[in-house]
Amino acid sequence: MTMGTDAGASTGMVRSRATVMAAVTCTLMLATTATATAGVTAVDVVGAGVAVAPAAGVGAVGSTGADRGVPPCAEVSGQPPSGGTPPGVTAKPSTTPSATATRTKAAESTATATGITTVEQAYSCVLDHYYARDRLDHRDLLAAAFGGMTVELARLGLDRPDAVMPPLRGDRAADWDAFAATYERVTAALSGGASRREALAAAAVKAMVAGLHDNHVRWARSAPPSSGPRSTPEPGERGRTPSPGDRRQASPPTGSRRTPDPGEPQQRYGLGIATSYTPYHASHAPHRAQAPLHITAVTGGPAAERGLRAGDIIEAVNGAPLFAGGVLSTGALSMLFPTSADADPVRLTLRRPATGRTWAVTLKPERFTSTVRNVTATLLGGDVAAVRAGAFMPGTADEVRAAISELGRRAERGQRAAPGERAGSGKATSGKRGRLRGVVLDLRGNTGGSPDEVARLLGALAHGKVTGYTCDPGGACDPHRTDDTVPLLNLPVALLTDGICASACDHFTGAVKRHRLGPVIGTRTSGMVSGVAYPYALNDGSTLILPTQYGLGPNREIVNGIGVPPDHFVPRTAEDLSAGRDPAMTKALTLLREPS
């Protein structure tokens, strides 16, 4: 939910309420993740849980919108568990229901234009369901919404002298009425018709959501490109802020559809690149972005056709520098991840560190089949299985385990997998016969995903361990545990992480570090693990995704906003990628091959 790949996405854990009650875990909502273009379901972060009973926020005295005849936000129900899908990826159209198909029929049939009722529903939904509602002042939500409306007025060139926030007295219902009266007076006087009024309402909801400063809160409203196979938008795409674990891949509602194999080629839309920082990450933690922005993987499509490579530094997008004074330009970054089928071509100014070459290239966003699979495996030196997982999508844990087993057989036969090939692909070279000495799990760029996959993969490393906690607003916490039905690998493990690793990936890394299941190598994880999130349908057909519980690490520590530090700090720079070096992998191999 990597999150920095083409339109698609964080990543986060996605589960229905019924499923969450039976099984717990975590995910990056990303993404990733993905608004109205994919199935919308409940989203976990470091575990699952059930939404708690509504409670009024600080100063939120008064009736709710539902008490006064406004339909409440409706929790989306009936979704089987699903998880994080690799960035820019969605399943084949025949296997992935659209977001609309996952909403309740009532919500579908009554969808209307985004307006003041939508704003009120979002306002009440946050105050009734958000895990931090007891610490919220409803007046802050209204101020954020009103501010968003005035910014949109100014953008349209329609700002008005009477667009002034009314005084708020501390009563939730009365203050809403005051807000709504001013809002409706301002919007009623607008020229330009319904489209402008809808734009103002959308701006109000967006600003209210953004004002929560929560990496797992999202308003999902955008539609996918209109032509061709459906592609899940990537976390942090322009025009919205999907979450890392938000790359969702919904299980079929009937027996007529199957859950896609995580090893299948995936359809994507965009330029065909993954980058060292993503719009999703930038929307929540722009201060963590470090220059230069560079390509971490070429996933196919336009970038592959024009010969771009991992390690190429993107110095400018359409003439706009990515960094100015050390600060990331989120606008320039977002242009690398278009979401519209009629998106304009993007002109990149590039520099290749390995050769010093600087050049410009224009790429037209398009749909393409990714050349990068979610799980890839390589036998290194004949004795170490290196397995990369891009997201914890359904089936990932078993695919990783199968890949390790296949590489073990190859080690015994004296074969090495060709670099980048999936285990079992049939491509191998001869080597010395032996056995596996260890496993490198490469979660760099992993954007989260299915809770079950986290529990299962950790269950292959250890049994009987608490991997994290999910807590309700009152502080009561439920532990998440390894899936002890999974056979142990019984091999030394090293884990590679980076600053894109989010949500379920944060959770997985924290458990590995806490229980000393293997050295963690690379850089600190993203720390984007706010809390258990559920989707709520609003009257306009959009979805408000809110964490109803919050997550803690396996030692009850706060990981959200902090991340998990590595045991060995070994970053992989643009220069390393361009030259084909991987210092973190080298360090992992050294540690695994050290005499015990």
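This is a predicted model, so every value here is computed, not measured.

Draft legend 1. Structural context of the nonpolar core. Of all hydrophobic cores here, the largest spans 42 residues; its most connected members are Val119, Val126, Tyr130, Leu153, Phe179, Leu544 and Leu546. Taken together, the elements giving at least two residues each to this core come down to α4 (116–129), α5 (138–155), α6 (172–188), α7 (194–210), β26 (531–537) and β27 (543–552). Among the elements that take part in this core, α7 stands out by supplying 7 residues, more than any other. When near neighbours in sequence (up to four residues on either side) are disregarded, Phe179 contacts Ile116, Val119, Leu142, Ala145, Phe146, Met165 and Pro166.

Draft legend 2. Representation of the packing of aromatic side chains within the structure. On inspection of all chains with the given rule, the structure shows 7 aromatic pairs. Judged by centre distance (5.9 Å) and plane angle (75°), the ring pair of Phe146 and Phe179 falls under edge-to-face. Taken together, the residues span a long stretch of sequence, with Phe146 in helix α5 and Phe179 in helix α6 at a distance of 33 residues. For Phe179, a relative accessible area of 1% gives the class buried. Cluster of aromatic residues (ring-pair linked, three or more members): Tyr123, Phe146, Trp176, Phe179 and Tyr183. The ring of Trp359 carries the charged tip of Arg357 above its face, separated from the ring centre by 4.0 Å. Here Arg556 stacks its cationic end above the ring of Tyr469, 4.2 Å away from the centre of that ring.

Draft legend 3. Structural context of empty space enclosed by the protein. In this structure, the largest cavity occupies an estimated 50 Å³ of space. Lining the largest cavity are 10 residues, with Asp506, His507, Gly553, Pro554 and Val559 positioned closest to its centre. The dominant element in the lining of the largest cavity, judged by the number of residues it contributes, is helix α13 (residues 504–514), at 3 residues.

Draft legend 4. Layout of helix α15 (residues 583–593). Those residues of α15 that fall on the buried side of the exposure criterion are Ala584, Met585, Ala588, Leu589 and Leu592. Taken down its axis, α15 places every buried residue within 140° of arc, on the same side. Packing partners of the buried residues in α15 comprise β17 (375–380), β18 (384–389), β21 (438–442), β24 (493–497) and β25 (520–522).

Draft legend 5. Quick look at the environment of Leu156. Along the polypeptide, Leu156 turns up in the loop between α5 and α6. The class for Leu156 is partly exposed, based on a relative accessible area of 24%.

Draft legend 6. Spatial organisation of the environment of Asp506. Assignment of secondary structure puts Asp506 in helix α13. Using a relative accessible area of 1% as the deciding quantity, one classes Asp506 as buried. Spatially, the C-alpha atoms of Asp506 and Thr525 are 6.1 Å apart, while their sequence positions differ by 19 residues. With sequence-adjacent residues up to four places away left out, Asp506 is seen in contact with Cys501, Thr525, Ser526, Gly527, Met528, Val529, Val559, Gly563 and Val564. A polar side-chain atom of Asp506 sits 3.4 Å from a polar atom in the side chain of Ser526.

Draft legend 7. Region of the structure containing the sheet that holds strand β14 (residues 346–352). As summarised here, the arrangement of the 4 strands in space is β11-β10-β14-β15, forming an open sheet in which the pairing is antiparallel. The sheet terminates laterally at β11 (320–321) and β15 (357–363), the two strands that pair on one side only.

Draft legend 8. Structural context of the pairing of β17. In terms of burial, β17 is largely enclosed, as 5 of its 6 residues are buried. Where β17 and β18 come together, 6 bridges link them in antiparallel fashion. Each residue of the ladder has a partner; that of Ala377, found in β18, is Val387. What sits between the antiparallel neighbours β17 and β18 is a turn of 3 residues, in which Gly381 has the positive phi angle 65°.

Draft legend 9. How the structure looks around the confidence of the model for the protein. Confidence in the prediction of the protein, expressed as mean pLDDT, is 79, and 72% of residues score 70 or more. The low-confidence segment residues 223–259 (pLDDT under 50) makes 236 contacts with residues lying over four places distant or belonging to another chain.

Draft legend 10. Summary view of the pattern of salt bridges. With the rule as written, the count across this model stands at 20 salt bridges. Here Arg572 and Asp582 are joined by a salt bridge, their closest N and O atoms 3.5 Å apart. Here the residue Arg572 occupies a position in the loop between β28 (568–569) and α14 (574–579), and Asp582 occupies one in the loop between α14 and α15, the gap between them amounting to 10 residues.

Draft legend 11. The arrangement of the state of the cysteines in detail. Within this structure, the stated rule accounts for 3 disulfides. For Cys471, the disulfide goes to Cys477, at an S-S distance of 2.0 Å. What sets the handedness of the Cys471 and Cys477 disulfide is the S-S torsion sign, and at about 105° it is right-handed. Comparing Cys471 with Cys477, the two get one shared label, buried.

Draft legend 12. Region of the structure containing the sheet that holds β17. Reading across from one edge, β17-β18-β21-β24-β25-β28 is the order of the 6 strands in this open sheet, with mixed pairing throughout. Since the sheet does not close on itself, it has two edges, and those belong to β17 and β28, each with one partner. Taken strand by strand, α13 contacts β21, β24 and β25, and its axis lies near 140° from that of β24. Here α15 sits on the sheet in contact with β17, β18, β21, β24, β25 and β28, set at roughly 155° to β21.

Draft legend 13. How the structure looks around the side chain of Glu152. Of note, Glu152 is situated in helix α5. Since its relative accessible area comes to 12%, Glu152 is described here as buried. Excluding residues that lie within four positions of it along the chain, Glu152 makes contacts with Ala199, Leu200 and Ala203.

Draft legend 14. Focus on α5. Look at α5: 26 Å from first C-alpha to last across 18 residues, which is about the 26 Å you get at 1.5 Å a residue. Along α5, the positions that sit buried rather than exposed are His138, Leu141, Leu142, Ala145, Phe146, Gly148, Met149, Glu152 and Leu153. One side of α5 holds all its buried residues, which, seen down the axis, span an arc of 155°. Across α5 from its buried face, at more than 90 degrees, point the exposed residues Asp140, Val151 and Arg155. Here the buried face of α5 lies against α4, α6 and α7. Immediately downstream of α5, the backbone of Gly157 shows phi near 75°, a positive value.

Cut-off values and rules
- Residues numbered from 1 in each chain as written.
- Predicted model: local features only at pLDDT ≥ 70, side-chain atom pairs only at ≥ 80, totals over all residues.
- Heavy atoms only, no water.
- Core = buried A, V, L, I, M, F, W, Y, C linked by side-chain atoms within 4.5 Å.
- Buried < 20%, exposed > 50% of the residue type's maximum accessible area, 1.4 Å probe, protein only.
- Helix = DSSP H or I, 4+ residues; strand = E, 2+ residues; numbered from the N terminus.
- Contact = heavy atoms within 4.5 Å.
- Phe/Tyr/Trp six-rings, centres within 6.5 Å; stacked < 30°, edge-to-face > 60°.
- Lys NZ or Arg CZ within 6 Å of the ring centre and 35° of its normal.
- 1 Å grid on protein atoms, 1.4 Å probe; cavity = no way out; pocket = protein on both sides within 12 Å on 5 of 7 lines; lining within 4 Å.
- Points joined across faces, edges and corners; volume = space filled by probe spheres on them.
- Arc of directions from axis to C-beta.
- Polar contact = N/O pair within 3.5 Å; in protein donor to acceptor, adjacent residues only side chain to side chain.
- Pairing = 2+ DSSP bridges.
- pLDDT = per-residue confidence, 0-100.
- Salt bridge = Lys/Arg side-chain N within 4 Å of Asp/Glu carboxyl O.
- Disulfide = S-S within 2.5 Å.
- Axes fitted to C-alpha atoms, helices over the stretch in contact; angles between N-to-C directions.
- Expected span 1.5 Å × (residues − 1).

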